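One-letter residues, chain by chain:
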Amino acid sequence: MRPLLFSLLMLLPAIEPAWAQSKLAPKAASPTSETRYFTAVDGFLDGADVILKETRQGKTVTGAVLDVCYSPAKGSDHKERFVANLQVSGQNLTGTTQTTGDKAPVTVKLTRKPNGETVDFKGEISVGTTMYEITSSDNSDLSEKEYLENQSADDSIATAPKDFTEVSPEAIGVRVNLEAAADFLKTLKGQNLQVSLSSLSVGCDALRAGTLLINLTTDPARAAAVIARAKTFPGVLAAGWTNGIIEMDRTILFPAAGWRDGDRLNRDKLASTVAGVLSQTLGATLAASAWNDDTGKLKLSFKRPSDLVPSLQLTQTIDIEAMVSADKPGATDRLMLWLGNPSDTTSDDSAGPKLNINDDATGEEGAEPRSDGGAVAALAKELKGQRWDSESATWQ
């Protein structure tokens, strides 16, 4: 009996350190949770804009959200969208939802398969009665930081700009909730302004943000009033000036004295002065002059003999637009004049049978602007004005 007890006691010192060691050993750290995004996913619903957000614990996917924006009809500008929370079971991602607009039922059945550094997706998505086969390969993901950095920048609505050197006096931006957008647009009917066609298209960015950016063009003299009215409409989140036609290198700052009748611009005097200077720099005769009541632009047309084939007695018609506004919102004693680049057409205006001319160079992309003969510099001198210096960002 004693030898057995002695043997057991002899074992205790050897066993105790091993036991103590195992008791104090640290537990293995749990995998950290992170969010990853797939944003360049193809093979979904005929060119749909797809965002797949995954939540992962280490390399294991624990949750996913599929956001799909697509055109219900091929070639249509109309967009529809659905967002599905997906259940994860091994490599299978499944879920149901409905489209945000038409409320059509949606069923998602996908298989996720890692492919080296990328991921492949296969399966099917049904929207209403339509079934889409999904085959998307070699998809790379982004971290949440990278995803957020790639999101669209702000739409640059300036509600109270200090002047019109960075935003345009005729250009208005209105951001409105989607559900209120149609009613807001109806209030613009019959007003002296223009609505950008792109503002009527509700794209994927608008669907995801729940808001629509509406771009308007109006006479700079009415812009502040249009903005003030827009701000009072239910659902409007922001309204102000935005980017427009103004190019600072073709803009002149000059004293308002002598060019106003009270608070109103003396349009006739200004149009006559601009036309007189351009007639000299272009070497052409004024043919037409008209102000646009919707946009506040002045359109001038000039004619001169074409030098292409003198014996044909062809006529070159040169069109050029200008716009005048205050140099900043509110009271000011200075005006800005912007002069657009000229465009021209050639025609046969001679007596008798005409030569039909197809001006195939008109509107060519990348074409150099037509020369205006130094019109901006000549107008600055005539108006005793200043021109914008882009290096110092000041009027000189």
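Given the structure is predicted, the values throughout are model-derived calculations rather than measurements.

### What to know about the overall build of the protein chain
When its secondary structure is counted, the protein chain shows seven helices and 23 strands. A buried classification covers 37% of the 396 residues belonging to the protein chain. Contacts in the protein chain between residues far apart in sequence, at least 24 positions, make up 54% of those at least 6 positions apart.

### Quick look at the nonpolar core
Of all hydrophobic cores here, the largest spans 29 residues; its most connected members are Ile172, Val174, Val176, Phe184 and Leu216. Here this core gathers at least three residues from each of two domains, domain 2 (171-241) and domain 3 (248-349 + 370-395). Dropping the residues within four chain positions of it, Val174 is found in contact with Ile157, Phe184, Leu212, Leu213, Ile214, Leu216, Ala230, Val236, Ala238 and Ala239. Ranked by size, the runner-up nonpolar core spans 28 residues in total, among them Ile318, Ala322, Ala375 and Leu379.

### Here's the deal with the packing of helix α6 (residues 267-282) against helix α7 (residues 375-382)
When two helices pack together, their arrangement is captured by the angle between the axes and the distance separating the axes. Between α6 and α7, whose axes approach to 10 Å, the crossing angle comes to 135°. By the angle between their directions, the pair α6 and α7 is classed as oblique. The two elements α6 and α7 meet at a crossing, and its hand is right-handed. Every residue of α7 that contacts α6 at Thr273, Val274, Val277, Leu278 and Thr281 is listed here: Ala375, Ala378, Leu379 and Glu382. A per-class count over the contact of α6 with α7 returns six nonpolar, two polar and one charged.

### Comments concerning the environment of Gly385
Residue position: Gly385 is located in the loop between α7 and β22 (386-389). Sequence separation of Gly385 and Ile252 is 133 residues, and the distance between their C-alpha atoms is 6.0 Å. If sequence neighbours within four positions are ignored, Gly385 has contacts with Ile252, Leu253, Phe254 and Ala380.

### Examining the packing of aromatic side chains
Inspection of the entire model under this criterion finds seven aromatic pairs. Judged by centre distance (5.4 Å) and plane angle (65°), the rings of Phe184 and Phe233 are edge-to-face. You can see Phe184 sitting in helix α3 (residues 178-186) and its partner Phe233 sitting in the loop between α5 (220-231) and β13 (236-241), a full 49 residues away along the chain.

### Some details on the environment of Ser289
Its place among the elements puts Ser289 in strand β17 (residues 285-291). Classification of Ser289 as partly exposed rests on a relative accessible area of 40%. When the C-alpha atoms of Ser289 and Leu300 are compared, they prove to be 4.7 Å apart, with eleven residues separating the residues in sequence. Beyond its immediate chain neighbours, meaning those up to four positions away, Ser289 contacts Ala271, Leu298, Lys299 and Leu300.

### Details of the sheet that holds strand β7 (residues 118-127)
One open sheet holds the nine strands; their spatial order is β8-β7-β6-β5-β4-β3-β2-β1-β9, and the pairing between them is antiparallel. One side of each edge strand has no neighbouring strand; the edge strands of this open sheet are β8 (130-139) and β9 (142-143). Note: strand β1 (residues 33-38) against strand β2 (residues 49-57), six bridges, orientation antiparallel. The residue of β2 that forms the bridge with Thr35 is Thr55.

### Digging into the pairing of strand β21 (residues 343-347)
What you see with β21 is a clean split: Asp344 and Thr346 sit on the buried side and Ser343, Thr345 and Ser347 on the side with no burial. The pairing of strand β19 (residues 315-326) with β21 spans five bridges and is classified as antiparallel. Bridging from a neighbouring strand, Thr317 pairs with Thr345 of β21.

### Re unusual backbone geometry
A positive phi angle, close to 45°, is found at Leu45, a residue other than glycine. Here Leu45 is to be found in the loop between β1 and β2. Residue Leu45 is classed as buried on the basis of its relative accessible area, which comes to 4%.

### Describing the pairing of β8
Note on strand geometry: in a regular strand, side chains alternate between the two faces of the sheet. As paired strands, β7 and β8 are joined by eight bridges and run antiparallel to one another. For Ser126, the partnering residue across the bridge sits in β8 and is Met131. Here β7 folds back onto β8 in antiparallel fashion, the turn holding two residues, of which Gly128 has a positive phi close to 65°.

### Quick look at a nonpolar patch on the surface
Among the surface-exposed residues, Leu308, Val309, Leu312, Leu355 and Ile357 lie close enough to one another that they form a single nonpolar patch of about 420 Å² accessible area. Here Leu312 lies in the loop between β18 (297-305) and β19.

### Side note on the sheet that holds β13
What the four strands build is an open sheet, ordered β11-β12-β10-β13; its pairing is antiparallel. The sheet is open, and its two borders are formed by β11 (193-195) and β13, each paired with just one other strand. Each strand axis lies, on average, 20° off the axis of its neighbour in the sheet, ignoring direction. Sheet topology places strand β10 (residues 171-177) next to strand β12 (residues 211-218); seven bridges connect them, and they run antiparallel. Looking at the pairing, Arg175 lines up with Leu213 of β12. The sheet strands contacting α3 are β10, β11, β12 and β13, and the helix crosses β10 at an angle near 130°. Packed onto the sheet, α5 meets β10, β11, β12 and β13 and runs at close to 170° relative to β13.

Cut-offs and rules
Residues numbered from 1 in each chain as written. Predicted model: local features only at pLDDT ≥ 70, side-chain atom pairs only at ≥ 80, totals over all residues. Heavy atoms only, no water. Helix = DSSP H or I, 4+ residues; strand = E, 2+ residues; numbered from the N terminus. Buried < 20%, exposed > 50% of the residue type's maximum accessible area, 1.4 Å probe, protein only. Contact = heavy atoms within 4.5 Å. Core = buried A, V, L, I, M, F, W, Y, C linked by side-chain atoms within 4.5 Å. Domains from an automatic or database assignment. Axes fitted to C-alpha atoms, helices over the stretch in contact; angles between N-to-C directions. Parallel < 35°, antiparallel > 145°, perpendicular 65-115°, else oblique. Left-handed = near helix turned anticlockwise from the far one by under 90°. Nonpolar A, V, L, I, M, F, W, Y, C, P; charged D, E, K, R; others polar. Phe/Tyr/Trp six-rings, centres within 6.5 Å; stacked < 30°, edge-to-face > 60°. Pairing = 2+ DSSP bridges. Patch = residues over 30% accessible without salt bridge, like charges linked within 9 Å, V, L, I, M, F, W, Y side chains within 5 Å. Areas by Shrake-Rupley, 256 points an atom, 1.4 Å probe, with all protein chains shown as cover. Salt bridge = Lys/Arg side-chain N within 4 Å of Asp/Glu carboxyl O.

In short, the description is geometric, and any link to function would need to be established separately.
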